[in-house]
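Each chain, letter by letter, is given below.
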Amino acid sequence: MNILYILSKFLTLAVLLSPIVSQAQQADNARPPVSWVNPKLPGGPGLSHHVLKSTAMGHDVGYVVATPDGYEPSAKTRYPVVYFLHGMGGNESADAGGFSGLIRSAVRSGKMPPVICVFPNGGRSGYRGDVEKMIVEELIPLIDRSYPTKAKASSRVIAGYSMGGAGAVRLSLFHPELFCGAASWGGGMRRGVDELLAATEQLKNKDFAFLLVNGDQDRPDAYQALTPKLEAWGISHKVTVLKDTPHNLGLYYQLGGDEMVAFIGKRLQAGDKEQAAIPRKPVLGEKSWAITTMPDLGELAGPNPKKQHIVDHGFIRDATGKWQLWACIRGTAVGRLLYGWQGDRLTSGPWESKCVVMRADASVGENVKEEVEKIGAPHFLHLDGTWYCFYHSRGMHLARSSNGVDFARVLNEKGTSHCGIPGGRDVMVLEHGGRYYAYATVTTSDGKRSFVIGSESDDLTQWSKGRIVREGGEGGDGPVASESPFVVALDGYFYLFRASSHDFKTYVYRSQDPMDFGIHDDSTLITTMRLKAPEILQIEDQWYISDLADFQGIRMHELNWESVSD
């Protein structure tokens, strides 16, 4: 065949195809950029727009909250939460009016309990990647802290339309610990199908259910690969195909709205039946390793190396994912100071020594007397893209960071760094169910007894008056018998770890009341551990607990929670 003839045919084909490619590129380029904050709300009662400063996203993200009739934030009533995910091209405000109106009507007619609805902006993400991280790690904890929610999986349902319907199914499969049900209008599985199918096993033996609704002119077989897996694992699910329904949100509301609210109501009403708490006992694992060794303090080194000790400490993950550890070192040339280390993994060490990260500052009300500095027991919280460090230095103080590395003191109206938490030393703060609980050590002015006190807050600013939550018993009540309190919430119980410098043991108490672990009563005491001033950490399903060891470095142990008969 003539080579010129072949070449001419090829050029003709290229000319014919080039407009098609160009039009596709033009369509993609014409798509407007995602607007992540859209405060213009539709009409409807109880709607409010908010902005999350997202670390995961690296920018602000809008979300809308719809509160129920008669909502009073200061009341004792706590509400379940429904998360609704918009479709492609939508935003946080797009579906807030319609869906919250549907839910409000159902509540008024008694079809479901009063709920709080939350509408996050997912852009065009498919609720993957950074958006998934934003919802799971930032938004849901933020809602539980900011509103009187029932902060548990059995009181959360996730739903959505189109991209949001697919996103609801996806997030529930990958994060089954967060929800008790997922409902999809017009969604389906297009990407990562094998990964989604494999994730179904996580819902085996869980009280979980799916509602999968599609139109007969939309994608009626969108979940045909998923349902056999759900059946195989015995996971409750219902597939509904709406008649004469294309991919149209209005028709899904009209024809599928009743089924949607009935599903959500049933799931949340089932969640009101409180799951039985599971009593456990902490047990050290076989592995332990050194996290830190004593650093070279140079001119700040103490006169007697044997009396220079690494003591109370705190861990935090910074914005880059690295671990930061601050610890008090006592016996230095200036008294007590805070030193920092950095590591890539919690499971190996020693970590890199950094520098002295904080010293007591008398100008902001901290403890400096006759050139002897006293500062100690750093404890960290990471909330909504902000890192907090609580510490003591003649009372409780607070510093704050935007990256988890560089902290600056938070000054109050008096110009000091006091944060209002009652107590003498060794502060620890637990966030649970949208509320904060602070625990600290008090030694009486005569130096004869010590105890653990607790206080509560809704905003980390205003704290209740401290009250004794643990004193005496087998652990004693001497001046250093109630040190370094640390509280863990797990499976319906609270566990107080109380260290004693009399016998260098840690006493562990179990209670369902975070403000009562017994006073001169050992009925809540469940075990003792040969550890000094431990901190407890959870990374996914694995727990860890630290120990001061020989005071020359910090060791880490694996920690297991054995279920026991109460």
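Reading the values: the criteria
Residues numbered from 1 in each chain as written. Predicted model: local features only at pLDDT ≥ 70, side-chain atom pairs only at ≥ 80, totals over all residues. Heavy atoms only, no water. Helix = DSSP H or I, 4+ residues; strand = E, 2+ residues; numbered from the N terminus. Expected span 1.5 Å × (residues − 1). Buried < 20%, exposed > 50% of the residue type's maximum accessible area, 1.4 Å probe, protein only. Pairing = 2+ DSSP bridges. Axes fitted to C-alpha atoms, helices over the stretch in contact; angles between N-to-C directions. 1 Å grid on protein atoms, 1.4 Å probe; cavity = no way out; pocket = protein on both sides within 12 Å on 5 of 7 lines; lining within 4 Å. Points joined across faces, edges and corners; volume = space filled by probe spheres on them. Nonpolar A, V, L, I, M, F, W, Y, C, P; charged D, E, K, R; others polar. Core = buried A, V, L, I, M, F, W, Y, C linked by side-chain atoms within 4.5 Å. Contact = heavy atoms within 4.5 Å.

Chemist: What should I look at first to understand helix α4 (residues 163-174) in this one?
Modeler: An α-helical turn contains 3.6 residues, so a residue and the one three or four places further along point in the same direction. For α4, which comprises 12 residues, the first-to-last C-alpha distance of 16 Å matches the rise-based estimate of 16 Å (1.5 Å per residue) to within 8%. Within α4, 11 of the 12 residues are buried, which leaves it mostly tucked inside the rest of the structure. Burial in α4 covers these residues: Met163, Gly164, Gly165, Gly167, Ala168, Val169, Arg170, Leu171, Ser172, Leu173 and Phe174.

Chemist: Just checking my understanding: could you explain the sheet that holds strand β21 (residues 435-443) for this structure?
Modeler: Backbone hydrogen bonds are what pair the strands of a sheet, in a parallel or an antiparallel way. Read from one edge to the other, the open sheet built from four strands follows the order β20-β21-β22-β23, with strand pairing classed as antiparallel. Because the sheet does not close on itself, it has two edges, and the strands there are β20 (425-432) and β23 (467-470). Averaged over all pairs of adjacent strands, the angle between strand axes in this sheet comes to 35 degrees, irrespective of strand direction. Direction of pairing for β21 relative to strand β22 (residues 450-457): antiparallel, over a ladder of eight bridges. The residue of β22 that forms the bridge with tyrosine 437 is glutamate 456.

Chemist: Explanation requested: the layout of surface pockets in the structure shown.
Modeler: Empty space among the atoms can be located by rolling a probe the size of a water molecule over them. Size it by volume and the second largest pocket reaches roughly 530 Å³. If you trace the second largest pocket, you find 29 residues lining it, with Asp312, Arg336, Arg425, Asp426 and Glu483 closest to the centre. Going through the elements one at a time, β10 (309-317), β20, β21, β24 (483-490) and β25 (493-500) are the ones with two or more residues in the lining of the second largest pocket. Counting residues per element, the lining of the second largest pocket draws most heavily on β21, which supplies three residues. Residue composition of the lining of the second largest pocket, grouped by class: nine nonpolar, 11 polar and nine charged.

Chemist: Sorry, what's going on with the nonpolar core here?
Modeler: General note: in soluble globular proteins, nonpolar side chains tend to be found buried as a group. One finds Tyr83, Met134, Phe210 and Leu226 to be the most contacted residues of the largest nonpolar core, which totals 47 residues. For this core, the secondary-structure elements that each account for two or more residues are β2 (59-66), β3 (81-85), β4 (116-120), α3 (129-146), α4, α5 (193-199) and β7 (209-215). At eight residues, the largest contribution of residues to this core is made by α3. Filtering out sequence-adjacent residues up to four positions away, methionine 134 remains in contact with Leu52, Ser54, Ala56, Met57, Val61, Asn121 and Leu139. Within the second largest apolar cluster, 32 residues are counted, among which are Val82, Phe99, Ala183 and Leu211.

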